[in-house]
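Residue-level structure breakdown
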Amino acid sequence: MSSTRIIRLSSRLTNKAANRSYAAAAINKEKPKDAPKKRAESTKAIYDSPSFGMNMFRGLFQSSQVFPYPVSLDDERRETLSMIIGPAEKFFEEVNDATKNDEEAKIPKEVLRQFGELGALGAVVPVEYEGAGLNNTQMARLAEIVGANDLAMGVVMGAHQSIGYKGILLYGNEEQKKKYLPDLATGRKFAAFCLTEPSSGSDANSIRTRAVKSSDGKHYVINGGKIWISNGGFADVFTVFAQTQVVGKDGVTKDKVSAFIVERAYGGVTNGPPEKKMGIKGSNTAEVHFEDVKVPIENMLGEEGEGFKVAMNILNNGRFGIPAACTGSMKHCIQKTIEHVTTRTQFGAKLETYGMVKEKIAEMLLRHYVTESIVYMLAANMDKGATEYQIEAAIGKIVGSENAWWVCDEAIQLHGGMGFMKECGLERVLRDLRIFRIFEGANDVMRLFVALTGCQYAGMHLKELAKKVQSGNLKLIFSEAQKRASRSFGMSSGPSMSGVVHSALTDSAKLASISIDQFGAAVESLLREHGKNVIDQQFLLRRIADAAIDIYSMVAVLSRCSHALEQNAPSMKHEQEIVDVFCKQASKRVMVNLQALKSDDSKKEFKQLAAMAEAVCKNGSLVQQHPLGV
Ligand code: MYA
């Protein structure tokens, strides 16, 4: 995280003037549709987020976005979706050849054209701009099909619409939408998202590409280079982020990122050759260079100097596509595994009969169920107008990409030698999946983002609590003292989920409740112990993030399974078993992670780990002597 973030965060955690809303509210400028009431008693009101993810950092169970399980499909949308699923699956069976795309490292134009005819390149673009008019839930289902068949195609699709022209949808004015969306939504033109630079990967704010306003004020001149741009070799329209000189309220001129719509046709836009990659080879990845590119002033996207927030919000908004595609990919791997273990005989019995095989298959099912539950919860919340889902989207990205990697890896393992052969098809999926833990926000950085965003929010509320306690609010003092006392005597059962979770899941819900409560307490003591320095405690932040991921996952599956039980779904018993086991496992992991935050043993271990890493970095290579001495 950048030093500006450290300063900002520390001031929020410690300064008197720290009472302000956080990221998403600031990004969206207008009050979010789901914004809850501000606290009346405070003059500088603290913001109460509607997000479950934010509130778990306070040990609270904010249920509005998670219970009942949100589904955003009316009859009409359900029907449209079933009309899309068939042709999309047929397209992958009959038109697209994922193996050939991988071998030839390209997807033929004609195949992309036919993909566009399905509406898949303008999925969430309103019909008035020639898009398919799907909502995020429908789009997620489509992404699932794409992910099950060809992740490289998913990347072309995602780079084009989830991020490439998403800025025009989210921030474009009417003129910009009318001018660009119809061609992009139909695939007559392609888009790319140009953020990353040689010196700026995870640290997205540090880009060097520069846009200078012309003296007549009619255009900007852009110079700079971007790397690893998906669709960069053939895109016609680029969302480009560049530093601009902005005069602040204090009259001081500063570099701030702005976003622009840039057409290749302007001239001065060139690209490098396609990158040679480990996976997603069918997709095109290339450098894109901008040399004295004259961009009309009306092509600025959003406000001048607000480009970083534009970029972050595009990424937040598009992120659910990753777990959606990964869900499909996992389904494909599980399907292949089932076919294999039910037909392959070894040591005189079918593989499916062995305990170790059963355990691996069951784990695959848990990971798939969790990811799928998060994807559709997230997509439905976005459809319902939620604007605060950045923690949930980051968690979805981490969970989807890591679970899919694990599932595919174990699918290969269960296939034995066959899995390692090209012919089986799983090695391509594994190669394709590897990048999903890296791009659109590396999972390590996403973990820090989850932990710090949540801590920042909890920190603001803690400060307010302290103020109220100091002012002698007796009722509050009493209830807080009671809460802390029952926690310290191990008597707290956490926020109740009864009434929202189905009664058949009561035991699992209790585990989730206790986890939320203990998590809130752990975040509080972490903030009290480290204050602003929590930002430097990455060993601890990682464990906070992992606990947060498990807690959100538990709540997502509890909600989905409650929905299935209420509907008397034929699969409800099976789902209940998944949830029972998952919550047992996840809550144990939460406790282990929280324990590690405070135990002296862990502190010692973290110090040792840091020392080891520092030693090899200082040495420039491994430190230990070879066992043979030569
Ligand atoms: S595209 C490139 C992807 N790159 C990244 O994702 C970059 C990752 N880095 C970051 O996200 C940021 O730099 C981090 C913060 C998080 C590290 N939501 O001082 P700050 C606010 C809302 O912390 P930094 C690619 O890979 C923050 O609160 N707000 O900033 C293509 C603060 O607000 P305020 C956020 O330390 C792959 C301000 O911004 C967020 O510099 C192709 C400054 O924050 C956020 N997330 O960095 C994929 N972050 O000023 C193809 C920060 O109000 C698609 N803030 O205090 C594949 C899809 C496949 C399937 C699809 C099928 C359809």
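Everything numeric in this text was worked out from a predicted model, so none of it was measured. (Residues numbered from 1 in each chain as written. Predicted model: local features only at pLDDT ≥ 70, side-chain atom pairs only at ≥ 80, totals over all residues. Heavy atoms only, no water.)

1. Some details on the packing of helix 19 (residues 506–530) against helix 21 (residues 572–598)
What counts here: Working convention: axes come from line fits to C-alpha atoms, limited for helices to the stretch in contact. Angles between N-to-C directions cover 0 to 180 degrees. Every helix listed is a DSSP run of H or I at least four residues long, and every strand listed is a run of E at least two residues long, numbered separately from the N terminus. Each angle is binned into one of four classes, with values under 35 degrees roughly parallel, values over 145 roughly antiparallel, values of 65 to 115 roughly perpendicular, and all other values oblique. Helix crossings get a hand from a simple test, with the near helix turned counterclockwise from the far one by less than a right angle marking a left-handed crossing and a clockwise turn marking a right-handed one. In this analysis, two residues are considered to be in contact whenever any of their non-hydrogen atoms come within 4.5 Å of each other. Under the scheme applied, nonpolar residues are Ala, Val, Leu, Ile, Met, Phe, Trp, Tyr, Cys and Pro; charged residues are Asp, Glu, Lys and Arg; polar residues are all the others, including Gly.
Relative to each other, helix 19 and helix 21 sit at 15 degrees, their axes nearing to 9 Å. Taken together, the axes of helix 19 and helix 21 lie roughly parallel to each other. The element helix 19 and its partner helix 21 pack so that their crossing is left-handed. Taken together, the residues of helix 21 that come into contact with helix 19 (itself represented by Ser 508, Leu 511, Ile 514, Ser 515, Gln 518, Phe 519 and Ala 522) are Val 579, Asp 580, Cys 583, Lys 584, Ser 587, Val 590, Met 591, Leu 594 and Leu 597. Residues belonging to the contact of helix 19 with helix 21 are distributed by class as follows: ten nonpolar, four polar and two charged.

2. A look at the UniProt feature "domain: Acyl-CoA dehydrogenase/oxidase C-terminal" (unreviewed entry) in the chain
Rule in force here: UniProt positions are given in the numbering used here, feature names are shortened, and annotations may be inferred rather than shown by experiment.
With numbering matched to this structure, UniProt assigns "domain: Acyl-CoA dehydrogenase/oxidase C-terminal" (unreviewed entry) to residues 305–451. End C-alpha to end C-alpha, residues 305–451 measures 27 Å, and it is 75% helix and 3% strand.

3. Let's talk about the UniProt feature "domain: ACAD9/ACADV-like C-terminal" (unreviewed entry) in the chain
Mapped onto the present numbering, the UniProt feature "domain: ACAD9/ACADV-like C-terminal" (unreviewed entry) falls on residues 504–621. The span residues 504–621 is 86% helical and 0% strand by assignment, and the distance between its end C-alpha atoms comes to 55 Å.

4. Observations concerning the nonpolar core
One recurring pattern in soluble globular proteins is that nonpolar side chains are buried together. Threshold: Definition used in this section: a nonpolar core is a set of buried Ala, Val, Leu, Ile, Met, Phe, Trp, Tyr and Cys residues joined via side-chain atoms within 4.5 Å. Working definition: with a 1.4 Å probe on protein chains only, accessible area under 20% of the residue-type maximum means buried, over 50% means exposed, and in between means partly exposed.
Grouped together as the largest cluster of nonpolar side chains are 131 residues, with contacts concentrated most on Phe 57, Phe 241, Phe 519 and Leu 558. No other element matches helix 20 (residues 538–566), which puts 16 residues into this core. Ignoring sequence-local partners within four residues, the contact set of Leu 558 consists of Phe 67, Met 497, Val 501, Leu 505, Ser 508, Ala 509, Ala 512, Val 579 and Cys 583. Grouped together as the second largest cluster of nonpolar side chains are 27 residues, Cys 333, Ala 404, Ala 411 and Leu 433 included.

5. Re the pairing of strand 1 (residues 191–194)
Applicable threshold: Two strands are counted as paired when DSSP detects at least two bridges linking them.
Neither face of strand 1 is exposed, since Ala 191 and Phe 193 on one face and Ala 192 and Cys 194 on the opposite face are all buried. Pairing analysis gives four bridges linking strand 1 to strand 4 (residues 237–247), with the strands arranged parallel. The partner of Phe 193 across the bridge, within strand 4, is Thr 239.

6. Some points on the packing of aromatic side chains
Threshold: Within 6.5 Å between ring centres, the rings of Phe, Tyr and Trp (the latter by its six-membered ring) count as paired, and their orientation is classed by plane angle as stacked under 30 degrees, edge-to-face over 60, tilted in between.
Following the criterion strictly, the structure yields 13 aromatic pairs and no others. Taking the centre distance of 4.9 Å and the plane angle of 65 degrees together, the rings of Phe 57 and Phe 519 count as edge-to-face. Remark: Phe 519 occurs in helix 19 and Phe 57 occurs in the loop between helix 3 (52–56) and helix 4 (75–94); sequence separation between them is 462 residues. Accessibility expressed as a relative area gives 1% for Phe 57, which makes it buried. Here Phe 519 falls in the buried class, since its relative accessible area comes to 0%. A centroid spacing of 5.2 Å and a plane angle of 75 degrees characterise the contact between Phe 190 and Phe 234, whose relative ring orientation is edge-to-face. Within this pair, whereas Phe 190 is found in the loop between helix 10 (174–186) and strand 1, its partner Phe 234 is found in the loop between strand 3 (219–230) and strand 4, the two being separated by 44 residues in sequence. Residue classification places Phe 190 among the buried residues on the basis of a relative accessible area of 9%. The partly exposed category is assigned to Phe 234, whose relative accessible area is 26%. Among the aromatic residues, ring-to-ring pairing joins Phe 52, Phe 61, Phe 67 and Tyr 552 into one connected group.

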